[in-house]
Amino acid sequence: MRALQKTVPGPGAALVDVRVPAPGPGEVLIRVAAASICGTDLHIYRWDQWAANRITALPMTFGHEIAGHVEAVGSEVHHIRPGVFVSVEGHVFCGFCPPCRSGRAHICERLRILGVDFDGGFADYLVVPERNTWEVDKRIPADVASIHDPFGNAVHTVFSSGGASELVGATVVVLGCGPIGLFAVGVSRAAGARQVIGVEPNEFRRDLAKQMGADLVVDPTREDPVATIETATDGHGAEVVLEMSGVPAVIDQGTRMLARGGRMSLLGLPTEPVALDLTDQVIFKEARLFGVTGRELFKTWQQMTTLLATGMVDVTPVITHRFPLDQFEEAFEVAASGRSGKVILIP
């Protein structure tokens, strides 16, 4: 089969021929129908400092946002059968550590990541544990099924700290309208927010945010987001702030635009320490700050199915490009251009 691999340290990747993997006990073999490119894949493709420090063994097939048909199953597989169309949960958990046994497997102490710690899905086939598959609702097409992973990040971020109830009638601000931020705009809109405001310097993605249902999209290079949100909320601030950028100055702005008693969920990953005015902007406000990673297993997956299958959230504006696997170089160039949403590879 074909597999897109990092074969040596350094920028780029190679499409190589390798053996089709065989599923072991508790595993399934998936024939990939669609695989979307994530920011993590861009790090690996560029081979930046994060990738050089994180990837421990080469060669390795990368890619973790996958959907496809189950081709074969190993022994001890009891629920998934060949022919079923599935999306893949890329967080492989142990099931035995304290977080796993308290229902928080997405923060497993022994977590392994598909396409980072072991071979991923930029290939014709891949093998994953049965318990990491999710049968896709028949109303959801293949390319949308492949973005369950990042869409789930958005759902988990929007609904963190107890669900969607606090979004009803609230002002929600999304800081950073990359693909996950764009999904968060759509989820917030579907959850009943009074107004959804995006903050994004990229003109192409500001337009996508409007398509996803944002009432207002702020260009932070032209206006002060904190002052704009203060005006839009009659001076009260936003009840919910969703931080997707990971930029230290933006995180600080998020605490300043947050209403008293508000909730700020942080998914973006800063690459340096972040300075905050904890006294006035967090403690005296009784603000709630939540760190978010991955998806709640598998509560978020059920929420995603409902939102996507019923049409409550239409993610198709965010899927802007599709390429065959052998055009991966062009696909990665587009994904890094700043003029794309999700880019899908089709084997």
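Novice: Before we go on, may I ask you to explain the overall build of the protein chain in this structure?
Specialist: Assigned secondary structure in the protein chain consists of twelve helices and 18 strands. Taken along its principal axes, the extent of the C-alpha atoms in the protein chain is 60 × 40 × 35 Å. Buried residues in the protein chain amount to 55% of all 347 residues. Partitioning the contacts of the protein chain with sequence separation of at least 6, the portion at a separation of at least 24 is 69%. Summed over its atoms, the accessible surface of the protein chain is roughly 14,800 Å², and 51% of this surface lies on carbon and sulfur atoms.

Novice: What exactly am I supposed to notice about the pairing of strand β5 (residues 65-73) here?
Specialist: Two faces belong to every sheet, and in a regular strand the side chains alternate between them. Sheet topology note: the strand β3 (residues 27-36)/β5 ladder contains eight bridges and is antiparallel. Bridge assignment links V32 to a residue of β5, and that residue is G68. Alignment of β5 against strand β6 (residues 85-88), held across three bridges, turns out to be antiparallel. In the strand pairing of β6, A67 is matched with S87.

Novice: Would you explain a nonpolar patch on the surface in this entry?
Specialist: A contiguous nonpolar surface patch, about 330 Å² in accessible area, is contributed by L278, I283 and F284. One can find L278 in helix α10 (residues 278-283).

Novice: Just to check I follow, could you spell out the sheet that holds strand β13 (residues 216-218) for this structure?
Specialist: Read from one edge to the other, the open sheet built from six strands follows the order β13-β12-β11-β14-β15-β16, with strand pairing classed as parallel. Strands with a single pairing partner mark the edges of an open sheet, and in this sheet they are β13 and β16 (288-291). The average undirected angle you get between the axes of adjacent strands in this sheet is 15°. In this fold helix α5 (residues 148-159) packs onto β14 (238-243) and β15 (258-266), with an angle of close to 155° to the strand it touches most, β15.

Novice: Looking at this structure, how should I read the packing of aromatic side chains?
Specialist: Each pair of aromatic rings is reported with the distance of its centres and the angle of its planes. Summed over the entire model, instances satisfying the criterion amount to eight aromatic pairs. Here the aromatic rings of F62 and F332 are separated by 5.9 Å at their centres, their planes lie at 45°, and the arrangement is tilted. Within this pair, whereas F62 is found in the loop between β4 (60-61) and β5, its partner F332 is found in helix α12 (residues 328-335), the two being separated by 270 residues in sequence. Each member of the pair F62 and F332 is classed as buried. On the numbers, 6.3 Å between centres and 55° between planes, the contact of F298 with W301 is tilted.

Reading guide: rules and limits
Residues numbered from 1 in each chain as written. Predicted model: local features only at pLDDT ≥ 70, side-chain atom pairs only at ≥ 80, totals over all residues. Heavy atoms only, no water. Helix = DSSP H or I, 4+ residues; strand = E, 2+ residues; numbered from the N terminus. Buried < 20%, exposed > 50% of the residue type's maximum accessible area, 1.4 Å probe, protein only. Contact = heavy atoms within 4.5 Å. Areas by Shrake-Rupley, 256 points an atom, 1.4 Å probe, with all protein chains shown as cover. Pairing = 2+ DSSP bridges. Patch = residues over 30% accessible without salt bridge, like charges linked within 9 Å, V, L, I, M, F, W, Y side chains within 5 Å. Salt bridge = Lys/Arg side-chain N within 4 Å of Asp/Glu carboxyl O. Axes fitted to C-alpha atoms, helices over the stretch in contact; angles between N-to-C directions. Phe/Tyr/Trp six-rings, centres within 6.5 Å; stacked < 30°, edge-to-face > 60°.

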